[in-house]
Amino acid sequence: MMPPMTQEAAWLDKAERRFGEFSIPGLSSFLAGMNAVVGVLSLIRPDFPGQLSLEPLLIRQGQLWRLVTFLFIPPQTGPLWLLFYLIMLYGAMRALESHWGEFRFTVFWAAGAAATSAAALFFGGSLSNVPLNMSVFLAFARLFPDFEVMILFVLPVKVRWLALIAWLMTALSVLAGGLGDRVATLAGLSNYLLFFGPGHWQDLRFAWRRWRAGL
C-alpha cells in the first residue's frame, strides 16, 4: 500500500530536498508547552489571552508579536478540560511530527498559521487559532483513523468518529456562521487542504467509479 504522505502530498519531497534545513526542531513540544503556559496563566488571569490575540488593528499599531502569540492561546476552560486539550494537542502534533519529520510538520503548521494571520489582516477582524488546531487533529485522524482516544480518560473512541463530528461542526460553521467564522475556518484548514486535498479528491473519484459500476 502506498504510504499516506506519498499519496497525499508528494510535492513535499522536492521541497524538503531544497529547503529541509529550514525546519524547526521540536516544534510540537514548543507549541504544546506554550499553550500550557498560557493556559495556566489564563486560569489565574482570565484577561491575559487578550494581550496575545490576533487583533489586526493593534498589529498595525505596532504590536507585531500578536502575529505569533495567538498560536499559544488554548480554549478558556476549566483545569480538567485544559489538561485534556493539551494532551490531545501534544499527542496529535507529536504523532504528525514523528510520522512526517520536522520539515513537513513545520510546513504544515506554518502554512495554516500564515493563512490565518493573512486572513485576519486582510479582512480586518480578530481570528482565533481554533480552526488551525482543528486541522492538526483532522490530519492525525486522516493518518491514524483507528487510534483510540479515551474521552474523559474513561470512554475509548476511535478518532475517525471524532473527526466526523469535527467535520460536521466545521461544515456548520462555514454554512451557518458569519463572515468571521467562515474566514477563520477556511484559513485555518488551508494547510489541511494543501496536504490532503488531492487524496480526498482521489477518494471521491474512486467512490464515484465504484458507484457507477454498481459495486
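Residues numbered from 1 in each chain as written. Predicted model: local features only at pLDDT ≥ 70, side-chain atom pairs only at ≥ 80, totals over all residues. Heavy atoms only, no water.

**Comments concerning the side chain of T116**
Then, number 1: Inspection of the secondary structure puts T116 in helix α7 (residues 102-123).
Then, number 2: Taking relative accessible area as the criterion, T116 reaches 0% and is therefore assigned buried.
Then, number 3: Here the side chain of T116 touches G112 through a polar contact of 2.9 Å, landing on its backbone oxygen. (Helix = DSSP H or I, 4+ residues; strand = E, 2+ residues; numbered from the N terminus. Buried < 20%, exposed > 50% of the residue type's maximum accessible area, 1.4 Å probe, protein only. Polar contact = N/O pair within 3.5 Å; in protein donor to acceptor, adjacent residues only side chain to side chain.)

**Focus on the environment of K158**
Then, number 1: Relative to the assigned elements, K158 resides in strand β2 (residues 155-158).
Then, number 2: A relative accessible area of 33% means that K158 is categorised as partly exposed.
Then, number 3: A sequence separation of 14 residues divides K158 from F144, and the C-alpha atoms of the two residues are 9.3 Å apart.
Then, number 4: Setting aside residues up to four positions removed in sequence, K158 forms contacts with P145, D146, F147 and E148. (Contact = heavy atoms within 4.5 Å.)

**Some thoughts on the pattern of salt bridges**
Should the charged atoms of two oppositely charged side chains come close, the side chains can pair.
Then, number 1: In the structure shown here, the tally under the stated rule is four salt bridges.
Then, number 2: Between E97 and R94 there is a salt bridge, with its nearest N and O atoms 3.6 Å apart. Residue E97 and its partner R94 are located together in helix α6 (residues 79-100), separated by three residues, close to a single helical turn.
Then, number 3: The exposure class assigned to R94 is partly exposed, which follows from its relative accessible area of 35%.
Then, number 4: In this structure, K158 engages D146 in a salt bridge whose closest nitrogen and oxygen atoms are separated by 3.9 Å. With K158 in strand β2 and D146 in the loop between α8 (130-143) and β1 (148-151), this residue pair connects regions lying 12 residues apart in the sequence.
Then, number 5: Residue D146 is classed as partly exposed on the basis of its relative accessible area, which comes to 45%.
Then, number 6: One salt-bridge network, in which partners are shared between bridges, spans D146, K158 and R160. (Salt bridge = Lys/Arg side-chain N within 4 Å of Asp/Glu carboxyl O.)

**Looking at the packing of aromatic side chains**
Then, number 1: For the structure on display, the rule yields 12 aromatic pairs.
Then, number 2: Both rings, one in W100 and one in F196, keep their centres 6.0 Å apart while their planes meet at 35 degrees; by these two values the pair is tilted. Linking W100 in helix α6 with F196 in helix α11 (residues 190-212), this pair joins segments that are 96 residues apart in sequence.
Then, number 3: Exposure remark for F196: the relative accessible area of 0% places this residue in the buried category.
Then, number 4: Judged by centre distance (5.4 Å) and plane angle (70 degrees), the rings of W167 and Y192 are edge-to-face. In this pair, W167 sits in helix α9 (residues 159-176) while Y192 sits in helix α11, placing the two residues 25 residues apart along the sequence.
Then, number 5: A relative accessible area of 1% means that Y192 is categorised as buried.
Then, number 6: Chaining the aromatic ring pairs together yields one cluster made of W100, F108, W167, Y192, F195 and F196. (Phe/Tyr/Trp six-rings, centres within 6.5 Å; stacked < 30°, edge-to-face > 60°.)

**Observations regarding the confidence of the model for the protein**
Then, number 1: Looking at the protein, pLDDT values average 84 and 92% of them are 70 or higher.
Then, number 2: The lowest-confidence element of the protein is helix α1 (residues 4-8), averaging 45 in pLDDT; the highest-confidence one is helix α3 (residues 27-44), averaging 94.
Then, number 3: Note that residues 1-8 has pLDDT below 50 and, in this model, 18 contacts with residues that lie over four places away or in other chains. (pLDDT = per-residue confidence, 0-100.)

**Structural notes on α8**
Since the α-helix advances by 3.6 residues per turn, residues separated by three or four positions end up pointing in the same direction.
Then, number 1: Between its first and last C-alpha atoms α8 spans 20 Å; for 14 residues at 1.5 Å apiece the expected length is 20 Å, and the two agree.
Then, number 2: Within the sequence span of α8, burial applies to P131, L132, N133, S135, V136, F137, L138, A139, F140, A141 and L143. (Expected span 1.5 Å × (residues − 1).)

**A few points about the packing of α3 against α7**
Then, number 1: Remark: α3 packs on α7, axes separated minimally by 10 Å, with the N-to-C direction vectors making an angle of 40 degrees. Here α3 is positioned oblique relative to α7, judged by the angle of their axes. Contacts from L27, S28 and L31 of α3 reach α7 at F105, T106 and W109. (Axes fitted to C-alpha atoms, helices over the stretch in contact; angles between N-to-C directions. Parallel < 35°, antiparallel > 145°, perpendicular 65-115°, else oblique.)

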